[in-house]
Amino acid sequence: MKYFKIINTLLWLATLTGGVTGCTEPIELIGDDMESRLVITGTLSTEPGYQIIEISSTVPYFGTDLPENIDAAKVVLNGRELTRDAPGIYTTGENFAAVEGETYVLEVWMDYDGDGQQEYYSATTTVPYVHVLESLSVKSLVPGAVDIPFVLLAGFQDTPGDDYYGAALWINSDLYSNRILRYYVHSLNDYSQDGSFIRYPIPEWIITGSLVWDNGETYDLYSGDVLTVELQTLSEEYYRFLQEAKIEKNQHFPLFSGPRGNVTGNISGGALGIFGSYAVSRKSVILPKCPGLPERQ
Amino acid sequence: MKRHFTVIGITLGFFLALMLPVSALLAQTKHTLSGKVMDGQDGEILTGAVVKVVEGNDIWTLTDARGRFVLTLPEGRVKLEVSYIGYETQEHELILDSNKDTFLFLTPLSYYLESVTVFAESAGTRLRRAEMSIERVDAEVIRRVPTLFGEVDLLKVVQMLPGVQAASEGSSGFHVRGGSPDQNMILFDNATLYNVSHMLGFFSIFNSDAVRDMTLYKGDIPARFGGRLSSLLEVVPAEGAGRFSVKGGIGLISSKLSIQGGVAGDRLTYLAAGRRTYADFFLPLAKNELVKNATIHFYDLNGRLRWRVNDNNYIYLTLYNGRDKFAISDMGVKFGNSVAAINWNHSFSDRFFMQAHATYTNYDYDFKGSTNQMEMEWVSRIQDAGMRLDFSYMPAAGHLLEFGYTSNFQWYQPGKAVGIGELESGVQIEQDITMSRRQGFVNVLYFSNEHKLFNERMELRYGLRLNRFDNAGPTTLYKVDENYNLIEEEGEEIPSGVFFHHEYGLEPRLGISYLATPDLSLKASYARTLQYVHLLSFSSAGSPMEIWIPSSPCIKPQSSHQVSAGAFATLFRKNYEASVEVFYKDLDNVLDFKDHPNLLLYDKIETELRFGTGKSYGIEFLFRRNKGVLTGWVSYTWSRSFRTIPGVNNGQKYRSPSDRPHNINVVLFYDISPRMEVSLNWVYATGQPVTLPEGRYWFYNELIPVYTERNSYRMADYHRMDASLNIRLGKMNRRWKHSLNISVYNLYGRKNPWAINFRMKPTGEQYLEMTYLFSVVPSITWNFSF
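Residues numbered from 1 in each chain as written. Chains lettered and ligands numbered in written order. Predicted model: local features only at pLDDT ≥ 70, side-chain atom pairs only at ≥ 80, totals over all residues. Heavy atoms only, no water.

### Focus: the sheet that holds strand S12 (residues 191-193) of chain B
Residues and elements named next belong to chain B.
Then, number 1: The sheet built from five strands is open, its strands ordered S8-S15-S16-S11-S12 with mixed pairing. The open sheet terminates on both sides in strands that have one partner only, identified here as strand S8 (134-138) and S12. Between one strand and the next, the sheet's axes are offset by a mean angle of 20°, whatever the strand orientation.
Then, number 2: Pairing geometry for S8 and strand S15 (residues 211-217), over five bridges, is antiparallel. The partner of Ile 134 across the bridge, within S15, is Tyr 217. (Pairing = 2+ DSSP bridges. Helix = DSSP H or I, 4+ residues; strand = E, 2+ residues; numbered from the N terminus. Axes fitted to C-alpha atoms, helices over the stretch in contact; angles between N-to-C directions.)

### Comments concerning a negative patch on the surface
Then, number 1: Taken together, the side chains of Glu 488, Glu 490, Glu 492 and Glu 493 of chain B present a region of like negative charge at the surface.
Then, number 2: Within the element layout of this structure, Glu 493 of chain B appears in strand S30 (residues 492-494). (Patch = residues over 30% accessible without salt bridge, like charges linked within 9 Å, V, L, I, M, F, W, Y side chains within 5 Å. Areas by Shrake-Rupley, 256 points an atom, 1.4 Å probe, with all protein chains shown as cover. Salt bridge = Lys/Arg side-chain N within 4 Å of Asp/Glu carboxyl O. Lys, Arg positive; Asp, Glu negative; His and termini not counted. Charge placed at Lys NZ, Arg CZ, Asp CG, Glu CD.)

### Some remarks on the confidence of the model for chain B
Parts of the model with low pLDDT should not have their predicted coordinates read in detail.
Residues and elements named next belong to chain B.
Then, number 1: In the predicted model, chain B carries a mean pLDDT of 84, and the fraction of residues at 70 or more is 87%.
Then, number 2: Note on residues 1-27: pLDDT under 50 across the span, and one contact to partners over four residues away in sequence or across chains.
Then, number 3: Contacts of residues 111-118 to residues separated by more than four positions or lying in other chains number 27 contacts, the stretch itself having pLDDT below 50.
Then, number 4: Interface predicted TM-score (ipTM) for the complex: 0.89; the corresponding pTM is 0.82. (pLDDT = per-residue confidence, 0-100. Contact = heavy atoms within 4.5 Å.)

### Observations regarding unusual backbone geometry
Then, number 1: Pro 149 of chain A follows Ile 148 of chain A through a cis peptide bond whose omega is 0°.
Then, number 2: Tracing the backbone shows Pro 149 of chain A in the loop between strand S11 (133-140) and strand S12 (150-157).
Then, number 3: Following Gly 473 of chain B, the chain continues into Pro 474 of chain B via a peptide bond in cis, with omega recorded as 10°.
Then, number 4: Structurally, Pro 474 of chain B can be placed in the loop between strand S28 (458-472) and strand S29 (475-477).
Then, number 5: Of note, Arg 177 of chain B is a non-glycine position whose phi angle comes to about 50°, a positive value.
Then, number 6: Note on placement: Arg 177 of chain B falls in the loop between strand S10 (174-176) and strand S11 (184-188).

### What about helix H2 (residues 236-249) of chain A?
Then, number 1: Taking 1.5 Å of rise per residue, 14 residues should cover 20 Å, and H2 of chain A covers 20 Å from first to last C-alpha, within 8% of that figure.
Then, number 2: What H2 of chain A keeps buried is the set Tyr 238, Tyr 239, Phe 241, Leu 242, Glu 244, Ala 245, Lys 246, Glu 248 and Lys 249 of chain A. (Expected span 1.5 Å × (residues − 1). Buried < 20%, exposed > 50% of the residue type's maximum accessible area, 1.4 Å probe, protein only.)

### A word on the sheet that holds strand S7 (residues 100-106) of chain B
All names here are of chain B.
Then, number 1: In space, the three strands of this open sheet follow the order S4-S1-S7, with mixed pairing throughout. On the outer flanks of this sheet lie strand S4 (68-74) and S7, each paired with one strand and no other. In this sheet, adjacent strand axes meet at a mean angle of 30° when their direction is disregarded.

### As for the side chain of Lys 585 of chain B
All names here are of chain B.
Then, number 1: Its place among the elements puts Lys 585 in strand S36 (residues 576-593).
Then, number 2: The side chain of Lys 585 sits in the buried core without any salt bridge; Glu 620 is the nearest counter-charge, 8.7 Å away.
Then, number 3: Looking at Lys 585, its side chain comes within polar contact range of the side chain of Ser 230, at 3.1 Å.
Then, number 4: Excluding anything up to four places from it in sequence, Lys 585 contacts Val 176, Arg 177, Gly 179, Ser 230, Ser 560, His 561, Gln 562, Gly 614, Lys 615 and Ser 616. (Polar contact = N/O pair within 3.5 Å; in protein donor to acceptor, adjacent residues only side chain to side chain.)

### Thoughts on the confidence of the model for chain A
Then, number 1: Per-residue pLDDT for chain A has a mean of 85; in total, 86% of the residues score no lower than 70.
Then, number 2: Scored below 50 in pLDDT, residues 1-21 of chain A shows 58 contacts in the model against residues more than four places distant or in partner chains.

### Digging into the domain arrangement of chain A
Residues and elements named next belong to chain A.
Then, number 1: Looking at the assigned domains, one finds that chain A contains domain 1 (4-129 + 235-279) and domain 2 (133-233 + 282-286).
Then, number 2: Counting residues at the interface gives 17 residues for domain 1 and 17 residues for domain 2.
Then, number 3: Where domain 1 abuts domain 2, roughly 1500 Å² becomes buried across the two surfaces, and 61% of that area is made up of carbon and sulfur atoms.
Then, number 4: Broken down residue by residue, the surface that domain 1 buries against domain 2 is led by Tyr 239, Leu 242 and Lys 246, which jointly contribute 40%.
Then, number 5: In this structure, Glu 204 and Lys 246 form a salt bridge, with 3.4 Å as the shortest nitrogen-oxygen distance.
Then, number 6: Linking domain 1 to domain 2 there are eight residue pairs in polar contact (both at pLDDT 80 or more).
Then, number 7: Elements with a minimum of two residues in the side of domain 1 that touches domain 2: H2 and strand S20 (272-286).
Then, number 8: Broken down by element, the side of domain 1 that touches domain 2 gets its largest block of residues, eight residues, from H2.
Then, number 9: Of the residues that constitute the side of domain 1 that touches domain 2, the class distribution is seven nonpolar, four polar and six charged. (Domains from an automatic or database assignment. Buried area = accessible area lost by both parts, 1.4 Å probe. Nonpolar A, V, L, I, M, F, W, Y, C, P; charged D, E, K, R; others polar.)

This is the structure in C-alpha cells:
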C-alpha cells in the first residue's frame, strides 16, 4: 500500500500527543468469562506439500492459558478424509497441490458442545490463478547510492478485475514472515494499474543491517544473503481475513483507533477461523556488496 | 309582601351594581402598551424580564430577544411591576390614554448585598413558559463554577446541567440525552461552530468575559433553529457597556484581558477580549527531554460592536479568532476557529420586528511531522457561510408569531496529506492523499405560533420547518450498493457549481404548558429534527483532528422524533424549584463504523459507514435553590441509549457510545461573607461503553482476539469533585475591584480513564492499561476590573 508509510508515520507522530499528556495504570477486566468457541483454520496452496487443517478452541483473552488443539471426529476435503497427524492437526498427503480455479470444500464433524450429537462445520474456497513474480530487485532508499536501506521491488503482471495479493519473505532459508505482523497484505486502492504490469516497492520490509526478529532479537543481514519473496495471489475470503487480523494485531492508536471487532471468517456452523487458498510464485535476489552490509566470514 | 319586594329589590340592585363595572369594563377602551426593558447602567437589553400589571388579574408577559414586550390594557392608570434576575424589582406607573411605547430601566442588584439566583431567569419564568427542556445560564454563574487550570469554562458548566454528560475526561464535547457530540448545534451569535475545543478539549473556545449568557435546548428546540438532533447551545456574546471598563485575570498558565466602553454615550459600544495560555513557559522544568522542548499554548480574541443607528435600528458585529499550537520533537499541530457575524435588528413598529444575520465560520487544522525519510503535512478544513432573516409579530398580548428563512453553505475539505521527501517505500515527494472536497447547502423556511389560552393558564406553541438540502460540486461522488461495495471504483467527478442531489424535510414542533396552580406547571413537547452534517469521530478520547462530512446520496440525513413531558414546581416563595422530566427519542439513519474501518484519509468513506436506528429514553430529576447564601442545584438523570445497525454487532441491538445510565450533578455556591464565596461541584456518570476482547486463538503464530458484543464492557465509573474559593480584596464599593480565586480540579485525585490500551507482559500475558489525564490540579488566579 503506497500510502501505508505516510499513514503509519502520521499515526505514530500523533500518538506522541496522547503519550505526553496522559499517565497510565493497569486495570482489571471485570466481566463474565466468554464460553470457549471452536476454531478451524486451514489454507491450501498451489505449491506441492502438506496442506494443514488445524482445529482448536479459544481461551480467555486476559488469562495465562494458551489455546490448545482438539480432535474432530472426521475432517474431509472434497470428499477425501484427511489424516490426523497430531492433536487437532489434519493433513493431506505430502505432495498435495491445490489446483488453480478449483473449488475445495472442507467439512468437519465433531461434538464440540459435548451434547452427544456431532455438529457439522464447512467452508469452501476457490483457488485463485497464479500471478507470476517476473522480477525482484533491491533499490536503495539513498538517492544515487547502492547501500542500505533497501526496499524490494517486485514486478508482475496484474490481470483485469479484483486481485488479492500478499507476500512472504525468506532470508536465506529462514522464513522471516513467520508471523502475520511480518507478512505483507497489499491494499486495493490503485485501480489505475488494474490489468497493467506492476513494478511495486513492497513497504512492509525495509532491508537494513538487521531486522526485528522474534523475542526481541534481531536478524543480522550480510551482503550475499539471499532474499526470496513469495508472491501469493489470495482467495478473497483469505485476503479479508489476513487484512483484518493484521489490523487487530497492529498497534492501536487511541486517538485514531476505530471500533474493534472479530476477524471475518468463512466457517459455517458458528465456528471461528478461515479456510482459504492461495497461488504461489517465488523469486530471489542477492544482497549486493555495499558499505552498510558486512560480508559473511 | 313588602319585605319580599324589598329583598328582591336590594338583591337586584346589588347585582346591577356588580354588573356596572363589568359592563363598564366591557365598554372600556383598550390600548397597547409596548416597550423595552433595559439595564439602567449600561443600556443592555434584558431578555425574559417579567412585566406584570399590578392588581391586573394576573396579566403579565415576558420581554423577547430584543427586550421588548407588548400588553393590551384598558385605558387608565396602569401600574407595572418589572422584574429580572439580578436586578431590583421596580414599579412603574403611567397613564394609558393611547397606544404607548416606553422604556423601562432596571437597576442591577449590588453584588455584595444579596446572593443572586443561579440561573439567568427566574423560577417563575421557567414555570410559565411553554418551552421545556431548556437551561439558561448567565456569565455570572459560569464565573463561579470551579475551574480547570484557573480558566472558567462555559462548556464545563454545560456538562453539569441535567441530562448532559461530558463526552470523555477533559473533553469539551458533551452528550445530551444519549446523543452523540455531533448532534449538538453550537451557535455563537448565530454562527455555527464545529469544534469548540482548545488544548484537546481541556478548555472551550468561549472566553467567559465575552459571553453574556447561554441557553441549552435539550430537545424542545424552537422552530427557528434546527440542523442537529440532540440539542442547541445558543451562546450570546456580551456587548460593551456605555462606561469604559477593563477586566482581567492572571493565572498560573493563562491570562486574559477585556476592555469595553461606548462612544457618544451608548450609541456605539464596543468590547474586546483576549486570552492566552503560557503553559509551555514551565515545560523546561520537566525531566522528560521531549516535554522540555515542547510548545503548547492557545490564544483567542473576541470583538463585539453595537451601533444604535436609531431607536428602530441596531447593528451588531461579532468577531472571533482563536488558535492552538502544540509542538513536540519533530511534529506539531495547529488548529483553530475564525468567526464573523453581522446582525441588523429593525423594528417596523412596536409589534413587528426583523433580525437579519450574516455569518461565517472557519475551522481548520494543520498537522506537520518529520521522520528520517520524509516530512509530511496533513490539513483539513470546514467552512460555513450563512444568512438568516427572522421576523416576529405580536398581534396581541401573549401572542407571538415568528417566521423566517435561513440558508447555510458549507465547504468541507476533510483531509489532505502530503509527503515531502523520499518515503521508506521509495515513493517520490509529490505523492499525496487527498479526500475529495464536499459541499452542502441547506435552506429552511420556518414559522411558529405561540399564544396563551384559557385565561393565560395555558401556553401553546407550534411550528414547522421546511428544509431543502443540496449537495454541490466540486467533488468525487462514490456510490455504494446495498452491501456497501463501491458501484464504480473511480467514482463520478462532479464539477464545481453543479448541484447533484437534494433532500426535502419537514420538522414539526409542538409544545404546551399548563399552569395547574401558581406553583405547578405541566408541560409536554414534541419535536422532529433533521441533521445533514455528520462527525466521523475516530475515538471517544477527543481529538481536534476529526472529520465532518455532509449528507449525500449514500449518507442519508439523520432524523429524530422526540417527545418529552414533565412537571415543574416552585416551592417556598419560589426560593426552590423541583422538576421531573421524561423523554423518549426515536432516531433514524444514525451512523457508525463497520468493524475494522479504513478511517484515516480514506476518500471512499461511504464504504466504511453503516446506518441504522437508535433509541434513547430517560428521566431527569432536578432540585434547585435560587436564593440565600447557599444556592445551586442537584440533578439526577437515568437514561439509556441504544443502536441497531445492520452490519454492526451482527445486526443486534448494542449500547451506543453515549449510553451511561446514571448521571448525578451537584453544583453548590456558598457565600461565606460579602468578601468570600465557595463553590463546590461533584459529577458522577456511569463508565463509558467500550469493546474488549474476551477470547483468543492462534493463527499464523499470532493470538487473534475474539469479541462478543460491541460496547459490552464499560470503563470505570467517572466521578470528580472540584472546589473553588473566591476572595474579594481591597475596599468594597470602589471602581477598582480585585479578587483572588483558588480552585482545585479533581479534589480527591480520582483517576478517571481517558483511553484503554492493550499491553503484554514479558510472560506473554495480556493485560489492560488505562490512560488518565488528571490527578489533583490546583490553580490560582488574580482577577481585576476597573
